[in-house]
Amino acid sequence: MAVEKKILINLNEDEREDFSTISSVFIDHQKLYYQENGLQLRDELFNINSPFMMNSEKRDNQKRSTYWESLSDDERKIVDKVMQSDEIKCGEIPTVNKDNNSSARRLASKVHNITSGIASLQDGLIRSNTFNKPTIFSHVFQEYLIPAMSSFYIGDAREGLNKVLSNMLKHRDNLKFEENFLIIIDPPWDCNKSVKRKKNYSTQSYVEIIEVCQTLAKLMSQIEATEYDHNNRKIRFFVHIWCTEKTKSFVLDKMLPCLGVKYLSSLLWHKVTRYGESVKLRGSKEYLIVASSQEDKSDMQLTRLIVSIPSSIHSHKPPLISNLIGTGDTSSTSEIISSSSSSFWNTCSPLTHDEYPECLRGIEIYSRYLRSGFISIGLECIRLQCKDLFTSV
């Protein structure tokens, strides 16, 4: 299947009364990173053969509502329509598969353990690979793949944004920005029961997340002013925010107004096994809220669903593009990665401090991976760049 594919569903007359348009985006989470360099994330990470089940669920005979039951009638209709489409081709479900995705779980656990040393990089520095090819960054006996033209700050999100803001003021004469500037936010919600149970990363309260948004709004104003002074044009910000059903109203009512952006669409993230089954047996629904600083009628072809085979790493989101819901070009983000050869496996170009790539395409907050043209900010923003996660195609 293509790395990223938009699926338009043909509706019969009765269905058109309920939905003006059904559009779904299938994202091949595994292959999107580094494909231009002959690399992809390892197969084991996506060896999702059956729905995930917690150990407690195996012992728990108490009847609780399922993920499918938590979907609204409209959401169930949309999922059914998309998954029955000829565009999505899945293998036949095995009659026996009781390993609960054990190989995928083992690799996820290993990566979490061997990358624990990144905590010592919370030193207030913005690190950048300003070269036009990826490089290897070594730290505490581990190697991390750093994409071409990427920057990262390991630490608290608000402190990182303040650091980026002050640094931009120093270098504003040399900065360039993509006209469609993408901001991705994946908040570590403190009401997330799964995170509390696993205790594998820090969470933040609603108050703390709004404080981050207030700092981000200042940074957006600075980016807008800088670009207007340089090129006499307005930047269009696309803001993508991951949330659960419980936090969705907070995103819509508090975060979007704080950032000064307009709501465009809400996409259900439907995670499936390699055989097309829902990965979730229970648990809350996850959404991507899409907003923009400018409204555009062409964006209103509502993409209602993101379909992907997830990795086994908790809350590992698929990579996104700015025009995810629009009618325009849906080319993959891999195009912004340098097309140099895969010889960079042994390349260790030095990282610079407090500098930025030649042209910035976006910012990701609470990030756990890096992207070319982006500034990534978070306590774990290079964790998923661990070299052990990648393999040659």
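Just so we're clear, the structure is a prediction, and the values are computed from it rather than from any experiment. (Residues numbered from 1 in each chain as written. Predicted model: local features only at pLDDT ≥ 70, side-chain atom pairs only at ≥ 80, totals over all residues. Heavy atoms only, no water.)

Secondary structure assignment for the protein yields nine helices and 16 strands. Summed over its atoms, the accessible surface of the protein is roughly 17700 Å², and 45% of this surface lies on carbon and sulfur atoms. (Helix = DSSP H or I, 4+ residues; strand = E, 2+ residues; numbered from the N terminus. Areas by Shrake-Rupley, 256 points an atom, 1.4 Å probe, with all protein chains shown as cover.)

Direction vectors running N to C along helix 6 (residues 157-171) and helix 8 (residues 206-231) enclose 15°, while the axes themselves pass 9 Å from each other. When the axes of helix 6 and helix 8 are compared, the pair comes out roughly parallel. The hand of the helix 6/helix 8 crossing is left-handed. Within the contact between the two elements, helix 6 uses Ala157, Arg158, Leu161, Asn162, Val164, Leu165, Met168 and Leu169 and helix 8 uses Glu211, Val212, Thr215, Leu216, Lys218, Leu219, Gln222 and Ile223. Of the residues assigned to the contact of helix 6 with helix 8, the class counts are 10 nonpolar, three polar and three charged. (Axes fitted to C-alpha atoms, helices over the stretch in contact; angles between N-to-C directions. Parallel < 35°, antiparallel > 145°, perpendicular 65-115°, else oblique. Left-handed = near helix turned anticlockwise from the far one by under 90°. Contact = heavy atoms within 4.5 Å. Nonpolar A, V, L, I, M, F, W, Y, C, P; charged D, E, K, R; others polar.)

Turning our eyes to something else, we now look at helix 4 (residues 73-83). Every α-helix carries 3.6 residues per turn, so stepping three or four residues along brings you back to the same face. If you check which residues of helix 4 are buried, you get Glu75, Ile78, Val79, Val82 and Met83. With its buried residues spanning 120° around the axis, helix 4 presents them on a single face. (Buried < 20%, exposed > 50% of the residue type's maximum accessible area, 1.4 Å probe, protein only. Arc of directions from axis to C-beta.)

Okay, the side chain of Ser266 next. With respect to the element layout, Ser266 can be found in strand 10 (residues 262-271). Only 3.1 Å separates the side chain of Ser266 from the side chain of Lys248, close enough to count as a polar contact. (Polar contact = N/O pair within 3.5 Å; in protein donor to acceptor, adjacent residues only side chain to side chain.)

The next subject is the packing of helix 8 against helix 9 (residues 248-259). The relative placement of two packed helices comes down to the angle between their axes together with the axis-to-axis distance. Contact geometry of helix 8 with helix 9 gives a least axis separation of 8 Å together with a crossing angle of 30°. One element, helix 8, and the other, helix 9, form an angle in the roughly parallel class. Note that helix 8 runs across helix 9; the crossing there is right-handed. For the pair formed by helix 8 and helix 9, the contact residues are Tyr206, Ile209, Ile210, Cys213, Gln214, Leu216, Ala217 and Met220 on the first element and Phe250, Lys254, Met255, Cys258 and Leu259 on the second.

The next point concerns the pairing of strand 9 (residues 236-244). For a regular strand, side chains alternate in direction, first toward one face of the sheet and then toward the other. Across the nine residues of strand 9, nine count as buried, placing the element largely inside the fold. The alternating pattern of strand 9 places Arg236, Phe238, His240, Trp242 and Thr244 and Phe237, Val239, Ile241 and Cys243 on opposite faces, both of which are buried. Summarising the sheet, strand 8 (residues 177-185) and strand 9 pair through six bridges and their orientation is parallel. Note on strand 9: the bridge partner recorded for Ile183 is Val239. (Pairing = 2+ DSSP bridges.)

Our next topic: the packing of aromatic side chains. Counted under the stated rule, the structure contains seven aromatic pairs. Summarising the aromatic geometry, the rings of Phe177 and Phe181 are spaced 6.0 Å apart at their centres and angled 70° between planes, so their arrangement reads as edge-to-face. Phe177 gets classed as buried once you look at its relative accessible area, which sits at 2%. Overall, the relative accessible area of 0% leaves Phe181 in the buried class. Each member of the aromatic cluster is reached from another via a ring pair, and the members are Phe177, Phe181 and Phe237. Over the ring of Tyr287 we find Lys248; its NZ or CZ atom is 4.0 Å from the centre of that ring. Between Arg371 and the ring centre of Phe374, over which it is positioned, the NZ or CZ distance is 4.4 Å. (Phe/Tyr/Trp six-rings, centres within 6.5 Å; stacked < 30°, edge-to-face > 60°. Lys NZ or Arg CZ within 6 Å of the ring centre and 35° of its normal.)

Attention shifts here to the pattern of salt bridges. When the charged atoms of two side chains with opposite charge come close together, those side chains can pair. For the structure on display, the rule yields 16 salt bridges. Two residues, Glu143 and Lys387, come together in a salt bridge whose shortest N-O distance is 3.1 Å. Residue Glu143 is located in strand 6 (residues 142-146), and its partner Lys387 is located in the loop between strand 15 (374-378) and strand 16 (390-392); the two are separated by 244 residues in the primary sequence. The buried category is assigned to Lys387, whose relative accessible area is 19%. With a shortest N-O distance of 3.6 Å, Arg158 and Glu211 are connected by a salt bridge. (Salt bridge = Lys/Arg side-chain N within 4 Å of Asp/Glu carboxyl O.)

Below, the discussion takes up the state of the cysteines. Two cysteines whose sulfur atoms are joined by a covalent bond form what is called a disulfide. Applying the stated criterion to the full structure yields zero disulfides. Left without a disulfide partner, Cys213 is nearest to the cysteine sulfur of Cys258, which lies 5.1 Å away. (Disulfide = S-S within 2.5 Å.)

Membership of the largest hydrophobic core comes to 53 residues, with the highest contact counts inside it found for Met168, Ile185 and Met255. Broken down by element, the residue count for this core peaks at eight residues, all from helix 8. Apart from the residues within four sequence positions on either side, Met168 is in contact with Leu175, Phe177, Leu219, Ile223, Tyr356, Leu360 and Ile375. Leu39, Leu41, Ile136 and Leu351 belong to the second-largest nonpolar core, a separate cluster that totals 26 residues. (Core = buried A, V, L, I, M, F, W, Y, C linked by side-chain atoms within 4.5 Å.)

With that out of the way, let us pick up the pairing of strand 10. Extensive coverage of strand 10 is indicated by the burial of eight of its 10 residues. In the sheet, strand 10 pairs with strand 11 (residues 286-292) via six bridges, with the strands oriented antiparallel. Note on strand 11: the bridge partner recorded for Ser265 is Val290.

Let's shift gears to the confidence of the model for the protein. This prediction gives the protein a mean pLDDT of 80; 75% of its residues lie at or above 70. Here residues 8-20 scores under 50 on pLDDT; set against residues more than four positions off or in separate chains, the count is 20 contacts. Confidence drops under a pLDDT of 50 for residues 327-342, and excluding neighbours within four residues, the segment shows 42 contacts in the predicted structure. (pLDDT = per-residue confidence, 0-100.)

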